[in-house]
Amino acid sequence: TSTATASGPGSTLVNLGEFDYIVAGAGAAGLVAADRLSEAGKKVLLIERGPPSTYATGGRLGPAWLNGENLTRFDVPGLFNQIWVDSAGIRCDDIDQMAGCLLGGGTAVNSGLFFKPQSIDWDYNFPAEPYDLITKVLSAVGYTSVTANDSPNKKNRTFAHTPFMYFNGERGGPLATYFETARARSNLHIVLNTTVRRVIRKGGRITGVEVVATSSDGKTGLYSVTPNTGKVLLAAGAFGSPKILFRSGIGPRDQLEVVKASATDGSTMIDSSKWIKLPVGYNLQDHPSTDVVISHPSVKDYDFFAAFNNPIPADRDLYLNSRAGILATAAPGPNTMFWESLVPSDGIPRQFQWTARAEGSINEKGDTLVTASQYIGTGLKSRGRMTINSDLNMAVTTSPHLNDPYDIEAVIQSVQLFVDALSADKSITILHPAPGQSVAEYVNNYPGHRGTNHWIATCKMGTDDGTKGNGTTGSVVDTDTKVYGTDNLFVIDASIFPGQITANPTASIMIAAEKAIENILALKHGY
Ligand SMILES: Cc1cc2nc3c(=O)[nH]c(=O)nc-3n(C[C@H](O)[C@H](O)[C@H](O)COP(=O)(O)OP(=O)(O)OC[C@H]3O[C@@H](n4cnc5c(N)ncnc54)[C@H](O)[C@@H]3O)c2cc1C
């Protein structure tokens with residue numbers, strides 16, 4: 001090892017090596033990036049602050065009944081609920097929301113719902129692309145859209161978005177696919193238990209990243225990027241990537257002042273004359289959720305929490321012997337989906353997704369309960385803000401959970417439609433909205449939790465360069481996902497989504513990361 005000689009942050013750090021690409025964060029987007037960049041023959045470093053997760057990745061956490069089974073709690077779909085009661089060392093301890101800080105990020109701890117996005121999700125939110133242009137022209141002369149793998153023989157006068165693959169029984173997703181192919185390559189180097197503190201830069205040119213070990217086998221020091229062509233990709237999630245940007249002197253001035261005043265970073269932070277003004281943390285979105293709770297005598301709830309340490313023996317054996325039965329399905333049984341599009345009086349359509357499961361919510365307990373959770377997605381106008389505090393922890397300081405009156409109007413319409421449909425069946429008891437309570441009153445005084453852990457949009461993509469404003473408006477990354485004002489710094493995770501999408505986001509985040517890597521690899525002249 002040698003010592004770096006640059007002045008400012010990073011000047012006294014142990015040099016840990018040089019890479020063509022450094023990817024910060026091994027979640028939904030980071031795993032796609034590690035795989036695609038190493039596949040392209042690049043020398044890649046993947047840095048993840050947390051420990052391994054699934055058994056195949058080296059994780060070993062789980063209840064006693066999994067001992068000797070080559071499974072961890074993260075492998076078994078029916079053990080998802082444990083994240084809500086036991087998450088020390090797994091959840092990110094510097095965010096005031098639930099997020100996975102371990103290999104796989106959210107994809108290692110989530111309940112695994114996985115949707116191909118509908119085209120409108122891209123068309124509505126993202127800057128226009130040739131795909132939109134071409135398919136519009138083709139549609140006008142009679143071509144139709146298909147989901148390619150559902151209709152392999154429809155290859156005449158049709159168009160489609162790229163399909164992707166998944167499998168079941170045990171946790172799949174990018175840990176079981178992208179990560180497996182990526183780690184088999186000698187040009188990919190993986191470092192776990194290591195936090196990216198900040199990027200080291202001269203103006204807009206990133207020369208490397210400073211890292212800090214989070215446990216004894218982590219690394220502390222400086223990783224550099226190849227001079228003239230090397231790039232740093234942030235994939236640390238909708239809270240983690242903004243945090244790295246703030247600590248690197250990139251963001252709204254009030255946030256950079258907080259980092260500057262902090263005990264941890266203040267004395268070594270990049271000089272304020274080099275700060276890059278961008279609206280990082282603005283535009284925060286989630287899927288605001290509204291539950292309808294009913295009861296019906298035919299329903300039988302399953303205690304997925306009890307199954308963690310004391311599974312029903314028949315269910316345990318069925319799972320261990322044949323990867324079948326209820327433990328092979330995601331807790332808490334979100335097995336019924338439905339969708340609708342409604343137009344409130346601002347004229348902008350809102351997409352709704354409902355997920356129903358046999359479980360109570362809003363303090364209802366019992367064996368015969370069903371909760372239907374409504375998510376408002378594409379078209380959503382409610383926005384919030386995420387900020388950093390003096391301990392360098394991230395928090396939602398302006399909630400994005402329904403602060404637009406037309407979003408609320410659409411939510412009321414959607415709940416009303418569902419309640420009307422339920423009311424026609426006299427064997428169903430509607431518990432929330434309460435008997436006699438109007439839907440509008442229920443939605444406006446909602447007693448439940450609106451968060452869905454689908455955080456996005458804190459580094460939004462757009463063609464309106466945010467450096468041109470005062471750091472509170474405009475976009476953070478361009479359509480190649482490059483951070484405005486920099487030569488070679490990119491954000492490729494959930495942060496870049498400009499607006500909310502229809503369904504649970506993991507697959508869309510992976511697709512966006514695929515596209516980001518394709519664009520980044522195609523960039524000419526080094527940067
Ligand atoms: C409990 C829960 C349930 C969910 N259920 C579903 C579901 O069923 N279906 C669905 O589609 N979505 C679900 N989601 C959402 C989905 O998992 C996330 O939207 C998705 O994982 C976000 O992808 P990402 O790549 O942006 O970030 P993440 O997957 O969060 O990955 C970020 C990674 O970066 C690491 N990191 C952070 N900071 C640093 C740093 N400074 N240095 C190095 N590494 C760092 C983190 O440890 C993490 O591994 C759920 C999320 C949660 C938390």
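Above this text is the structure in question.
Described in the following lines is the structure provided in the data block. Only a predicted model underlies this, so the values are computations on that prediction, with no experimental measurement involved.

Rules used throughout
- Residues numbered from 1 in each chain as written.
- Predicted model: local features only at pLDDT ≥ 70, side-chain atom pairs only at ≥ 80, totals over all residues.
- Heavy atoms only, no water.
- Phe/Tyr/Trp six-rings, centres within 6.5 Å; stacked < 30°, edge-to-face > 60°.
- Helix = DSSP H or I, 4+ residues; strand = E, 2+ residues; numbered from the N terminus.
- Buried < 20%, exposed > 50% of the residue type's maximum accessible area, 1.4 Å probe, protein only.
- Lys NZ or Arg CZ within 6 Å of the ring centre and 35° of its normal.
- Expected span 1.5 Å × (residues − 1).
- 1 Å grid on protein atoms, 1.4 Å probe; cavity = no way out; pocket = protein on both sides within 12 Å on 5 of 7 lines; lining within 4 Å.
- Points joined across faces, edges and corners; volume = space filled by probe spheres on them.
- Nonpolar A, V, L, I, M, F, W, Y, C, P; charged D, E, K, R; others polar.
- Near = heavy atom within 4 Å.
- Polar contact = N/O pair within 3.5 Å; in protein donor to acceptor, adjacent residues only side chain to side chain.
- Areas by Shrake-Rupley, 256 points an atom, 1.4 Å probe, with all protein chains shown as cover.
- Salt bridge = Lys/Arg side-chain N within 4 Å of Asp/Glu carboxyl O.

Describing the packing of aromatic side chains
- Enumeration over the complete set of coordinates arrives at 6 aromatic pairs.
- Judged by centre distance (6.0 Å) and plane angle (65°), the ring pair of F19 and Y223 falls under edge-to-face. With F19 in strand β2 (residues 14-19) and Y223 in strand β10 (residues 221-225), the pair connects residues that are 204 residues apart, well separated along the chain.
- On the accessibility criterion, F19 (7% relative accessible area) is buried.
- In this structure, K43 packs its charged tip against the face of F19, placed 5.0 Å from the ring centre.
- The aromatic ring of Y55 is capped on one face by R60, whose charged end is 3.7 Å from the ring centroid.

Section: helix α12 (residues 506-522)
- Look at α12: 24 Å from first C-alpha to last across 17 residues, which is about the 24 Å you get at 1.5 Å a residue.
- Among the 17 residues of α12, 13 are classified as buried, and the element is accordingly described as predominantly covered.

Brief notes about the pairing of strand β16 (residues 350-357)
- With 8 of 8 residues buried, β16 lies mostly within the body of the structure.
- Because side chains alternate across β16, one face comprises the buried residues R350, F352, W354 and A356, and the other comprises Q351, Q353, T355 and R357, equally buried.

Some thoughts on the environment of A356
- Positionally, A356 belongs in strand β16.
- You can call A356 buried: its relative accessible area is 12%.
- Remark: the alpha-carbon pair of A356 and V370, spanning 14 residues in sequence, is separated by 6.8 Å.

Details of empty space enclosed by the protein
- One pass over the structure, following the stated rule, counts 1 cavity of 30 Å³ or more.
- Reported here for the largest cavity is a volume of approximately 50 Å³.
- Lining the largest cavity, in full, are R73, F74, L79, F80, I83, A108, V109 and R171.
- Tallied by class, residues from the lining of the largest cavity come to 6 nonpolar, no polar and 2 charged.

Some details on the site of the ligand
- Close to the ligand lie 36 residues; E48, G106, L113, V196 and T506 are nearest.
- Within the side chain of N110, a nitrogen or oxygen atom sits 3.1 Å from an oxygen atom of the ligand.
- When the ligand is considered free in solution it has 1000 Å² of accessible area, and contact with the protein chains removes 95% of it.
- Of all the secondary-structure elements, those providing two or more residues to the shell around the ligand are α1 (28-39), α2 (106-109), β8 (194-202), α7 (237-247) and α12.
- Top contributing element to the shell around the ligand by residue count: β8, with 3 residues.
- Across the shell around the ligand, the residue classes break down as 17 nonpolar, 16 polar and 3 charged.

Some words on the pattern of salt bridges
- Applying the stated criterion across every chain yields a total of 25 salt bridges.
- D94 is the partner of K243 in a salt bridge, and the nearest nitrogen-oxygen pair spans 2.6 Å. Within this pair, whereas K243 is found in helix α7, its partner D94 is found in the loop between β4 (44-47) and α2, the two being separated by 149 residues in sequence. Assigned by exposure class, K243 and D94 land together as buried.
- A salt bridge links R253 to E257; its shortest N-O distance comes to 3.2 Å. Highlighted residues: R253 and E257, both in helix α8 (residues 253-260), separated by 4 residues, approximately one helical turn.
- Using a relative accessible area of 46% as the deciding quantity, one classes R253 as partly exposed.
- Overlapping salt bridges, with partners in common, bring together R197, R198, E210, R247 and D265 in one network.

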